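Chain residues, written in single-letter form:
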Amino acid sequence: MTNNPNGLKLTVIGCSGTYSSPDSACSAYLVQTDSTSVLLDAGPGSSIELQRHIELENLDAIVVSHEHPDHWTELPSLYHAYRWGLEDSQIPVYGTAGTRTLLDSACESATNGTFDWTTIDAASTLVIGDMSFSFTLTDHPVETLAIRVESGGASVAYSADTGPGWTPASFGMPIDVLVYETTLPISYEDREIPHVSGREAGIRAEGADVGKLVLTHIPPGHDASERMVASSAEFSGPIELAEPGRTFMP
Ligand SMILES: [Zn+2]
Ligand SMILES: [Zn+2]
């Protein structure tokens, strides 16, 4: 068990790949310590499950990985909550330049007051409360940031969306819990879709210093057990499936 003095943990808010399922919103993960709470991605539908775990006024920041709709389009809904429900509270929101452009087109004043917006890229580092954030560029058609969060020496990371050209070793640091997308069944690997299979995720996690693997971003109707079998053939550590409400700790 990793030394985790600040109580770092990651709770799955939404994990459905590409579009929402009857059982899960799209990508959203609540990362918390005893004193700080940050939402990674705000996929469609995610504010429902989010509010089962935290009051919106207690959220310290939102960090968005990239501009694809399944990762940020709950932001206009959250904008309404912070603008009208919470009287324009200035929550810090971090994301790529492309995400800001799309968000501004959806609700023009979101990044001009209610959201305290900062554009980030792969070279950015952030300190939010007792968490330190670093980023690497993934293998995806738009600028997409994998996110690593460290607090008190414990760490969690999120691959966001990526093809096989990205590896968690690109952070150059160990990762205690890695939430890794496994959008594709093995049979889709040769279709040049910019995502990875369970097999490919397992190979890359095994080649990095990863403690536990959490598989996510599996599209509705796909067989999650295929991803588990494919990953476990390659990765020697523990593997879990992301499900809304499940919490993982280093
Ligand atoms: Zn996605
Ligand atoms: Zn994407």
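Structural notes, computed from the coordinates. In this text, all values refer to a predicted model and were calculated from it rather than measured experimentally.

1. A short note on the overall build of the protein chain
A tally of helices and strands in the protein chain yields 7 helices and 14 strands. Taking 2.2 N^0.38 as the reference for a compact globule, 250 residues should give roughly 18 Å; the C-alpha atoms of the protein chain span a radius of gyration of 17 Å, in line with that estimate. When the 250 residues of the protein chain are sorted by exposure, 53% land in the buried category. Counting only contacts in the protein chain whose residues sit at least 6 apart along the sequence, the fraction spanning at least 24 positions is 59%. Roughly 9,800 Å² of accessible area belongs to the protein chain as shown, and the carbon and sulfur atoms make up 48% of that amount. Here the protein chain carries 11 positive and 34 negative side-chain charges, and the mean point of each set is 4 Å from the other.

2. Overview of the coordination of the zinc ion (ligand 2)
Coordination of the zinc ion (ligand 2) by the protein involves His-66 (NE2), His-68 (ND1), His-140 (NE2) and Asp-161 (OD), with metal-donor separations of 2.2 to 2.3 Å. Geometry at the zinc ion (ligand 2) is irregular, judged from its 4 donor atoms and the angles of 90 to 162° they form at the metal. Of note, the donors binding the zinc ion (ligand 2) are all from one chain and are spaced H-x1-H-x71-H-x20-D. Taken as a pair, the zinc ion (ligand 2) and the zinc ion (ligand 1) show a spacing of 3.8 Å, with Asp-161 coordinating each metal. Placement of the pair is His-66 in the loop between β4 (61-63) and α2 (69-72) and Asp-161 in the loop between β10 (154-158) and β11 (175-181), with a sequence separation of 95 residues. Across the pair, Asp-161 and His-66 agree in class, each one buried.

Rules behind the numbers
Residues numbered from 1 in each chain as written. Chains lettered and ligands numbered in written order. Predicted model: local features only at pLDDT ≥ 70, side-chain atom pairs only at ≥ 80, totals over all residues. Heavy atoms only, no water. Helix = DSSP H or I, 4+ residues; strand = E, 2+ residues; numbered from the N terminus. Rg over C-alpha atoms; globule rule 2.2 N^0.38 Å. Buried < 20%, exposed > 50% of the residue type's maximum accessible area, 1.4 Å probe, protein only. Contact = heavy atoms within 4.5 Å. Areas by Shrake-Rupley, 256 points an atom, 1.4 Å probe, with all protein chains shown as cover. Lys, Arg positive; Asp, Glu negative; His and termini not counted. Charge placed at Lys NZ, Arg CZ, Asp CG, Glu CD. Donors = N, O, S within 2.8 Å, 3.2 Å for Na, K, Ca; no water. Tetrahedral: all angles 85-135°; square planar, octahedral: opposite > 155°, others 65-115°.

None of the figures reported here should be taken as evidence of function without further support.
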